[in-house]
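So you can see what is in the structure, the chains are spelled out below.
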Amino acid sequence: MARWCYRHRLVVLLLWVGALFGLGFAATTAGTDYANVFSLPNTDSKRAYDQMEKAFPDSAGDTDTVVWKVDEGTVRDAAVRSRMRPVLDEIAGMKGVGQVAGPYEGKGGAAQVSRDGKIAYAQITFTEQANAVPKELVQDVVDLAEDAERAGLQVELGGQAIQRVQEPPTGLAEMVGILAAAVVLFFAFGSLFAMLLPIGIAIFGVGTGLFSTQLLSHATDIPDLAPLLATLIGLGVGIDYALFIVTRHRRGILRGLAPEESAVVALNTSGRAVLFAGGTVCIALAGMLVTNLRFLDGVVIGTSLTVVFSVLAATTLLPALLGLLGTRVLSRRQRRGLAARGPEPERASGAAARWSTTVQRRPRTIAAIALAVMAVLAIPVLSLRLGATDQGNDDSTTTTRQAYDLLAEGFGPGFNGPLQVVATGGDTDALVKGIKGTAGVARAAALPSAHGVTVIQVVPTTSPQSVETDRLIDTLRDRVIPEAGVPANVGGVTAVSKDFAAITGDRLPWFVATIIGLGFLLLLVAFRSLVVPLTAAVMNLIAAAASFGVLVAVFQWGWGLDLLSLGKEGPINAFLPVIMLSLLFGLSMDYQVFLVSRMHEEWVHTKDNARAVRVGLAETGRVINSAALIMVCVFLAFVLSGDSGAAMAGVGLAAAVALDAFILRTALVPAAMHLLGDSNWWLPAGLEKRLPHLAVEPAEEPSKDAPSARGGASAVHGFVRDAEGEAVDGAVLTLLSKGGRQLDRVTSLADGSYIVSVPAPGTYLLSATARSYGARVRHVEVTDEPLVHDVELAEGEVDADAVN
């Protein structure tokens, strides 16, 4: 496939450009239809919502608030009235505004003025939900209200629609993340064209994924958070996957391979690992379905689709682009060196090689330090509290945060998150009286009944995010409502958030067990070891604990929030653990695959664990760290998105990837593998026979274009198959001199491939043995060029040459 894409590069490029622009045109024409569907079956808040929807079907429009405060006098003064009333009337006359309920109208208006008369508010009800209200209309409302400000009169606005217009320009976070990634890539490659390749692949993968998600939003419920998270994960994996393949391709050219052969080898090695890694990310994302929360179904669709398109772009579009660039993927200095000195065998050197040697020499010390760092960072996770952020967590400079604070100041902290007790019969007066007498209730009032349903508005004395408000909800449900003998349910945004957090917390262990179990099975099949996947599972749990510890310290304890301009501390969004753990396990599995696949390849050839771990870390450590640095840049850029959920996810994932790559994969994992020794690769014989064979990253096959190594050395390579043509895994191939001295000994890989080193041209003996098969020995005549020699083994048959 890689060779076809390389040779038909213009066709492949045109197909991808056509797909991107075609999907973009269709998505732009169709528009978006994102829907935030919180389905919490069998919860008290869901039953309250269902009753309200039946009784009040017309209350569908988004309600936002205009709040104003005077420094002197009261809001009832003629000067304030004459300034605010025309503004509210003009807003009410705008197309798209259903009604405006102000403090200067009707009997209920008096309740919209604080007791001291300093603060008042008006409610603006739009005809559409917040996502459907045109931004131009909302901006006009904001501009008109803010124009009423003067010295001594402060005017602020709050609500979902208002929040949308104060967000930074769409695409700002993505652009900052791409620019930061470009800087890292340029320093890593030293070539402008090589830098542009991963970015181009990410843009095509994310673009096609987002446009497809936008079209799918018309067919299924996809939340508006899905495209943001899809962009976040798509940019990260798209750049990383292309980085791994381009790095392997550049290495092949420097070793003397022709550009086409180098691209084919890169796709057949690193490309396979990319396919496997992309599959693990999608499986980890699909683990969110275990929670049975409909809100997350659309997130799974959007993020998985973007990952799939990113993998497709990396395995089809990238070889086409490599064909267009040729040797220009190398820097000018590298091209001049290749022309002057010729190809040189690659040797792991530099900081990565020195660090790998250090880990081998002091595995206990490095493991102890790494574990201590992760343990300290994980301490805050013990105080993790799930909930929901609101506009009280916005930055203090935003109008939504200031409106929130003004309402809390004038009407009490619970005013921003009232509870709705929905009664469907019985003595509601007794229920209202019981609620009013409950500790933690500031006030309670029954609204006019409709269709036998009465809604009692309950304002707590504490803020929506406080623990005391959660306890009040439990008290109303467990004691007050049963004592009144009235069939009623407690609903409202605050109650929904509490129920959502409770359900997420209950289902989180099942979710974690599912994705860790699936990851364990995948690595078990890929590396044919029990210890490697077990180590990976433990490391994933350590990374999750430490990254959530960082998240709690920043967003729940407030450490560094002012420095990052991320608003006010509060609980961790209830949906974030599920999303973060999915992405974290998927991404950490990527690094585990790229690291251990190289170690496994070396182990298969040498059976020397210390060498396998040292070489694997030395050769992959630099590229893993570069990839992680790119991920960190992309994720941190989403702090600029203006969405608190995306900012929280960005910081959490950046911390998770940094800790996973820089501490776990390059320190703790190799140190632990050195300490475990050969037991890393242990697999019971019975399990070995039953497991299917999966070649994640087969050994590179030397090309006919590759020059021989220095000193006349060459190689014999090929495949070991049985009489039916099936690959024989685990066959032992030994190269012997004429006198019977062993020169090299290797074991065939899962696809049957092998490669043995030959010291110099001449005649040698090549023996092949495998369990349940007869032995085979053949003379091989090796020249300066690598020799291709396939071996066929027959069951139970002994070769005469083998006896001799």
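Because the structure is predicted, anything quoted here is derived from the model rather than measured. In every chain, residue numbers begin from 1 and rise along the written sequence. Per-residue local features are limited, in this predicted model, to residues with pLDDT of at least 70; the limit for side-chain atom pairs, both in listing and counting, is 80 or more; totals at the level of whole chains, interfaces and linings are taken over all residues. For the side-chain quantities, the full set of heavy atoms in the structure was used; hydrogens and water were omitted.

**Here's the deal with the overall build of the protein**
Elements are defined by DSSP. Helices are runs of H or I of four residues or more, strands are runs of E of two residues or more, and each kind is numbered from the N terminus. If you tally the helices and strands in the protein, you get 25 helices and 18 strands. Here, residues are in contact when the closest pair of their heavy atoms is within 4.5 Å. Across the protein, contacts joining residues at least 24 apart in sequence account for 76% of those joining residues at least 6 apart. In this count, Lys and Arg are taken as positive residues and Asp and Glu as negative ones, while His and the chain termini are left out. Throughout, a charge is located at the NZ atom of Lys, the CZ atom of Arg, the CG atom of Asp or the CD atom of Glu. Averaging the coordinates of the 64 positive side-chain charges in the protein and doing the same for the 76 negative ones gives two points 7 Å apart.

**Observations regarding the packing of aromatic side chains**
Each aromatic pair joins two rings of Phe, Tyr and Trp (for Trp, the six-membered one) with centres within 6.5 Å, and gets the label stacked for planes under 30 degrees apart, edge-to-face for over 60, and tilted for any other angle. Per the counting criterion, the structure on display carries eight aromatic pairs. Seen in terms of ring centroids, Trp557 and Trp559 are 5.2 Å apart; in terms of plane orientation they differ by 65°. Their pairing is edge-to-face. Between buried and exposed lies partly exposed: a residue is buried under 20% and exposed over 50% of the maximum accessible area for its type, with that area taken using a 1.4 Å probe on protein chains only. Its relative accessible area of 36% is what places Trp557 among the partly exposed residues. On the basis of an interplanar angle of 15° and a centroid distance of 5.7 Å, the ring pair of Trp603 and Trp681 is categorised as stacked. Of this pair, Trp603 sits in helix 21 (residues 576–606) while Trp681 is found in the loop between helix 23 (644–676) and helix 24 (685–690), placing the two residues 78 residues apart along the sequence. Classification of Trp681 by relative accessible area gives buried; the value is 9%. Each residue in the set Tyr121, Phe411 and Phe415 is aromatic and connected to the rest through ring pairs, giving one cluster. Above the ring of Phe193, the side-chain terminus of Arg328 is found at 5.4 Å from the ring centroid. Here, over-ring charges are defined by two tests on the NZ atom of lysine or the CZ atom of arginine: distance to the ring centre within 6 Å, and angle to the ring normal within 35 degrees.

**Topic: the sheet that holds strand 15 (residues 762–769)**
What makes two strands pair is DSSP finding at least two bridges between them. Pairing in this open sheet of four strands is antiparallel, and the strands run 13-12-15-16 from one edge to the other. The two strands at the open ends of the sheet, each matched to only one other strand, are strand 13 (742–747) and strand 16 (776–782). When the angles between neighbouring strand axes are averaged without regard to direction, this sheet yields 20°. Bridging between strand 12 (residues 732–736) and strand 13 involves five bridges; their strand directions are antiparallel. Between N-to-C directions, angles cover 0 to 180 degrees, with each direction set by a line fitted to C-alpha atoms, over the stretch in contact for helices.

**Some thoughts on the nonpolar core**
Grouped together as the largest cluster of nonpolar side chains are 157 residues, with contacts concentrated most on Met288, Phe555, Ile579, Tyr591 and Phe635. Ignoring sequence-local partners within four residues, the contact set of Phe555 consists of Leu561, Leu566, Glu569, Gly570, Ile572, Ala647, Met648 and Val651. Buried Ala, Val, Leu, Ile, Met, Phe, Trp, Tyr and Cys residues that are joined via side-chain atoms within 4.5 Å together make up what is termed a nonpolar core.

**Comments concerning the confidence of the model for the protein**
Note on scores: pLDDT gives the predictor's confidence for each residue, bounded by 0 and 100. Overall, the predicted model of the protein reaches an average pLDDT of 85, with 93% of residues at or above 70. Put simply, helix 25 (residues 800–803) is where the protein has its lowest mean pLDDT, 46, and helix 14 (residues 363–378) is where it has its highest, 95. Across residues 699–711 the pLDDT falls below 50, and counting only partners more than four positions away or on other chains, this stretch makes 29 contacts in the model. Considering only residues more than four positions removed or in separate chains, one finds that residues 800–804, a stretch of pLDDT under 50, has five contacts.

**Describing a negative patch on the surface**
The patches reported here contain residues having more than 30% relative accessible area and no salt bridge. Joining distances are 9 Å for like charges and 5 Å for nonpolar side chains (Val, Leu, Ile, Met, Phe, Trp, Tyr). Surface accessibility follows the Shrake-Rupley procedure with a 1.4 Å probe radius. Residue values consider only the protein chains on display as shielding. Here a salt bridge means any side-chain nitrogen of Lys or Arg lying within 4 Å of a carboxyl oxygen belonging to Asp or Glu. A cluster of acidic side chains, namely Glu136, Asp140, Asp143, Glu146, Asp147 and Glu149, defines a negative patch on the protein surface. Along the chain, Glu146 turns up in helix 5 (residues 135–147). We classify Glu146 as partly exposed; its relative accessible area is 33%.

**Let's talk about the packing of helix 4 (residues 78–92) against helix 5**
Close contact between helix 4 and helix 5 brings their axes to 9 Å; oriented N to C, the two are set at 170°. Classified by the angle between their axes, helix 4 and helix 5 sit roughly antiparallel to one another. For the pair helix 4 and helix 5, contact is made by Arg83, Val87, Glu90 and Ile91 and by Val141, Leu144, Ala145 and Asp147, respectively. Residues belonging to the contact of helix 4 with helix 5 are distributed by class as follows: five nonpolar, no polar and three charged. For classification purposes, angles smaller than 35 degrees are called roughly parallel, those larger than 145 roughly antiparallel, those between 65 and 115 roughly perpendicular, and all remaining angles oblique. Residue polarity follows a fixed list, in which Ala, Val, Leu, Ile, Met, Phe, Trp, Tyr, Cys and Pro are nonpolar, Asp, Glu, Lys and Arg are charged, and the others, Gly among them, are polar.

**Quick word on the sheet that holds strand 7 (residues 441–446)**
With antiparallel pairing, four strands are arranged side by side in an open sheet as 7-8-6-9. Sheet topology places strand 7 and strand 9 (488–491) at the edges, where each strand pairs with a single neighbour. Along the sheet, successive strands turn relative to each other by an average axial angle of 20°, direction set aside. Pairing analysis gives four bridges linking strand 6 (residues 419–423) to strand 9, with the strands arranged antiparallel. Across the sheet, residue Val421 finds its bridge partner in strand 9, namely Val490.

**Structural notes on a nonpolar patch on the surface**
A cluster of nonpolar side chains, contributed by Phe186, Leu192, Phe193 and Leu196, occupies part of the molecular surface with about 370 Å² of accessible area. A total of three residues in the nonpolar patch trace back to one element, the largest contributor, which is helix 8 (residues 192–216). Along the chain, Phe193 turns up in helix 8.

**Focus on unusual backbone geometry**
Its identity as a non-glycine residue notwithstanding, His451 has a phi of 55°, on the positive side. In this fold, His451 is placed in the loop between strand 7 and strand 8 (454–460). Unlike most non-glycine residues, Arg528 shows phi in positive territory, near 50°. Secondary-structure assignment places Arg528 in the loop between helix 18 (493–527) and helix 19 (531–556).

**Digging into the environment of Thr315**
Looking at where Thr315 falls in the secondary structure, it is placed in helix 11 (residues 294–325). Using a relative accessible area of 3% as the deciding quantity, one classes Thr315 as buried. Taking the C-alpha atoms as reference points, Thr315 and Ser270, 45 residues apart in sequence, are found 9.7 Å from one another. Every residue in contact with Thr315, bar those within four places of it in the chain, is listed here: Met1, Leu267, Gly271 and Leu275. The term polar contact refers here to a pair of N or O atoms within 3.5 Å; inside protein, the definition further demands a hydrogen-donor-capable atom paired with an acceptor-capable atom, and it admits residues adjacent in sequence only when both atoms are side-chain atoms. A polar contact is formed between the side chain of Thr315 and the backbone oxygen of Val311, at a distance of 2.8 Å.

**A short note on the pattern of salt bridges**
Under the defined criterion, the tally for this structure stands at 14 salt bridges. Note that Asp405 is salt-bridged to Arg401, the shortest N-O span being 3.0 Å. Pair noted here: Asp405 and Arg401 are both in helix 15 (residues 399–411), with a separation of four residues, about one helical turn. Given a relative accessible area of 11%, Arg401 falls into the buried group.

**Concerning the side chain of Asp660**
Note on placement: Asp660 falls in helix 23. Beyond its immediate chain neighbours, meaning those up to four positions away, Asp660 contacts Asn540, Ala543, Ser588, Tyr591 and Arg665.

**A short note on helix 8**
In a helix, the anticipated span is given by 1.5 Å times the number of residues less one. For helix 8, which comprises 25 residues, the first-to-last C-alpha distance of 36 Å matches the rise-based estimate of 36 Å (1.5 Å per residue) to within 8%. Capping the start of helix 8, Ser191 holds a side-chain oxygen 3.5 Å from the backbone nitrogen of Phe193, two or three residues further along.

**Some points on the packing of helix 9 (residues 225–254) against helix 21**
It is the contact of helix 9 with helix 21, at a shortest axis distance of 12 Å, that shows an interaxial angle of 5°. Between helix 9 and helix 21, the angle is such that the two are roughly parallel. Together, Leu225, Leu229, Ile233, Val237, Asp240, Tyr241 and Phe244 of helix 9 and Ile579, Leu583, Leu587, Asp590, Tyr591 and Phe594 of helix 21 make up the contact between the two elements.

**Description of helix 14**
Spanning 16 residues, helix 14 covers 22 Å between terminal C-alpha atoms, matching the ideal 22 Å at 1.5 Å per step. Among the residues making up helix 14, those that are buried are Pro363, Ile366, Ala367, Ala370, Met374 and Ala378. Seen from one end, helix 14 has its buried residues packed into an arc of 100°, which puts them on one side. Along helix 14, the residues that are exposed and aim more than 90 degrees away from the buried face are Arg364, Ile369 and Val376. On its buried face, helix 14 is in contact with helix 13 (350–361), helix 19 and helix 23. In this description, the arc belongs to the directions extending from the helix axis to the C-beta atoms.

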